[in-house]
Amino acid sequence: MAALSGALALSALAVPAAQADGQGVSIDKPSAQERFGASSARSGFAAQAAPEVSNVTVNAGKALVFGTTTVRTFEVSLTASHPSGILDAYMDLWHGSDVENVDGYLPPNEEVANCTPISETTSNCKQTITAMPGLHDDYIGELYANALAGTWHVSAYVWPNEGETYENDFFKTHKVQRLAKLTADAAPEPVNAGQTITVSGKLTRADWERGTYVGLSGQALQLQFRGTDASAYTTVKGVNSTTGGAVKTTTKATVDGHHRFSFAGISSTGKVTATGDYVGVR
C-alpha cells in the first residue's frame, strides 16, 4: 500500500477529500542523483560516461492486471554493462505526462537491487514491486483511481562502480490494466438441429475507486464455438456489448458443443474469455 506524502494530484483524479485526509499516495519519485548520490569519475572510466542498459523487463513482459482487491508483487529486471562493473540499479513504474507531473508511482520494494554478475563488466539486476488498487477507510492503494489504468512509463537507473550514472525515466512503457470479467449463457438447451440458439452474457471490469465491477459497453467481442470433437474454438461472428456491458447474439444449432464470448481487451482493461456453455443438439 502507498505511504503518506500529501494530497498532490489526488483532487485532480477525484479522490474523496475525506479519504485522502491523513492517507495519501506516495508519488515522490526520486531522481538518479537522489537515489545513488553524485556520480564518480575516478580513474579512467569517465571516458565510458554511463553504463549500457538493455533488456528492461516488467512482469516477464506481461500486462499487469488488477481486480478490485488484487495485491500483486512482480519482478522488474535489466541488463547493464560498464568497464568498471555494475554496483546497483533501480527500476520503477510511473504514470503522468512527465516526471514533474506524476500522479501514479510504483517504487521497488528493495533499497538495493539484486545484481548478479555474468562477466567482469555486465550484470543482470532484479527488483520487485508490490501494488494494489482501491480507496479504503484506513489506506489508499497505489492504483487509487480508474484514470491510472493504461500506459505507464518505466524508469531505469544504473550505477557503475566508477563513472557516470545512467538515468532514463522513459526507457519503455508497460500496461497496467483493470481486470475484466465475462459470462456466456446459451439457450435453449437441448435444441433441435437448425434451430436458433441465443447466447447472452455480460462484460464487466474492476472499478478501483468503488471496489466493485461495472458494466463495460460499446466494446467489440467475438462469439466462439467448439464442437465436442474439436480441440479449439473458432470465431462465429462479432458482437458489441451494450448498456451495462450486456452481450447478446444468436447462432444456428448444428452439432453439440460449447459457446462462449471473447474480449481482446483495450488499453485500460485486460483481455478475458468466458467459460464455454454447452448445448446438446438433437
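Presented here is a report on the structure given in the accompanying data block. Given the structure is predicted, the values throughout are model-derived calculations rather than measurements.

1. As for the overall build of the chain
Stage number 1. Looking only at helices and strands, the chain has two helices and 19 strands in total.
Stage number 2. Out of the 282 residues in the chain, the part that is buried amounts to 47%.
Stage number 3. For the chain, the share of sequence-separated contacts (at least 6 apart) that also reach a separation of at least 24 residues comes to 66%.
Stage number 4. Carbon and sulfur atoms provide 49% of the accessible area of the chain, an area that totals close to 13100 Å².

2. Comments concerning the pattern of salt bridges
When the charged atoms of two side chains with opposite charge come close together, those side chains can pair.
Stage number 1. Going through the model one piece at a time under the given rule, you end up with three salt bridges.
Stage number 2. Note that lysine 29 and aspartate 92 form a salt bridge whose closest N and O atoms lie 2.7 Å from each other. Remark: aspartate 92 occurs in strand E4 (residues 86-96) and lysine 29 occurs in the loop between helix H1 (17-20) and helix H2 (32-36); sequence separation between them is 63 residues.
Stage number 3. In this structure lysine 29 comes out as buried when scored by relative accessible area, which is 14%.
Stage number 4. Measuring nitrogen to oxygen at the nearest pair gives 3.0 Å for the salt bridge that ties aspartate 169 to lysine 29. Taken as a pair, aspartate 169 in strand E9 (residues 166-178) and lysine 29 in the loop between H1 and H2 lie far apart in primary sequence, 140 residues in all.

3. Some details on the sheet that holds strand E1 (residues 52-58)
Stage number 1. An order of E1-E3-E7-E6 is seen for the four strands of this open sheet, with the pairing classed as antiparallel. The open sheet is flanked by E1 and strand E6 (114-117), the only strands paired with a single partner. Averaged over all pairs of adjacent strands, the angle between strand axes in this sheet comes to 20°, irrespective of strand direction.
Stage number 2. Pairing between E1 and strand E3 (residues 72-81): five bridges, direction antiparallel. Looking at E3, one finds that glutamate 52 is bridged to serine 81.

4. Some thoughts on the packing of aromatic side chains
Stage number 1. Here the structure, examined in full by the defined rule, presents two aromatic pairs.
Stage number 2. Between tyrosine 90 and tyrosine 157, the aromatic rings sit 5.1 Å apart at their centres with planes inclined by 25°, giving stacked as the arrangement. Of this pair, tyrosine 90 sits in strand E4 while tyrosine 157 is found in strand E8 (residues 150-160), placing the two residues 67 residues apart along the sequence. Pair check on accessibility: tyrosine 90 and tyrosine 157 agree, each one buried.
Stage number 3. Relative to phenylalanine 170, the ring of tryptophan 94 has its centre 5.2 Å away and its plane inclined at 80°; by these criteria the two rings are edge-to-face. Here tryptophan 94, found in strand E4, pairs with phenylalanine 170, found in strand E9; they are 76 residues apart in sequence, far enough to count as distant.

5. Comments concerning the state of the cysteines
Stage number 1. Summed over all chains, the structure comprises one disulfide.
Stage number 2. Two residues, cysteine 115 and cysteine 125, share a disulfide whose sulfurs are 2.1 Å apart. On the sign convention where negative is left-handed, the bridge of cysteine 115 and cysteine 125, at about 115° about the S-S bond, is right-handed. On the criterion of sequence distance, the pair formed by cysteine 115 in strand E6 and cysteine 125 in strand E7 (residues 122-131) is long-range, its members being ten residues apart. Across the pair, cysteine 125 and cysteine 115 agree in class, each one buried.

Cut-offs and rules
Along each chain, numbering runs from 1 in the same order as the chain's sequence is written. The model is predicted, so local features are restricted to residues of pLDDT at least 70 and side-chain atom pairs to those at 80 or more, both for listing and for counting; the totals for chains, interfaces and linings are taken over all residues. Computation of side-chain values: all heavy atoms of the structure, hydrogens and water removed. The numbering of helices and of strands both runs from the N terminus, where a helix is a DSSP run of H or I of at least 4 residues and a strand a run of E of at least 2. Categorising residues by exposure relies on relative accessible area from a 1.4 Å probe, with only protein chains included: less than 20% of the type maximum marks a residue as buried, more than 50% marks it as exposed, and the intermediate range marks it as partly exposed. Contacts are residue-level and defined by heavy atoms, with any inter-residue pair within 4.5 Å sufficient. Per-residue and other accessible areas follow the Shrake-Rupley method at a 1.4 Å probe size, with only the shown protein chains counted as cover for residues. Salt bridges are defined as contacts in which a side-chain nitrogen from Lys or Arg sits within 4 Å of a carboxyl oxygen from Asp or Glu. Criterion used throughout: strands pair if DSSP finds at least two bridges between them. Under this scheme, a helix contributes an axis fitted over its contacting stretch, all axes are lines through C-alpha atoms, and angles between N-to-C directions fall in the 0 to 180 degree range. Stacked, edge-to-face and tilted labels apply to pairs of Phe, Tyr and Trp rings (six-membered ring for Trp) whose centres lie within 6.5 Å, assigned for plane angles under 30 degrees, over 60, and everything in between, in that order. Only a pair of cysteine sulfur atoms within 2.5 Å counts as a disulfide in this structure description.

Read these as geometric descriptors, not functional statements.
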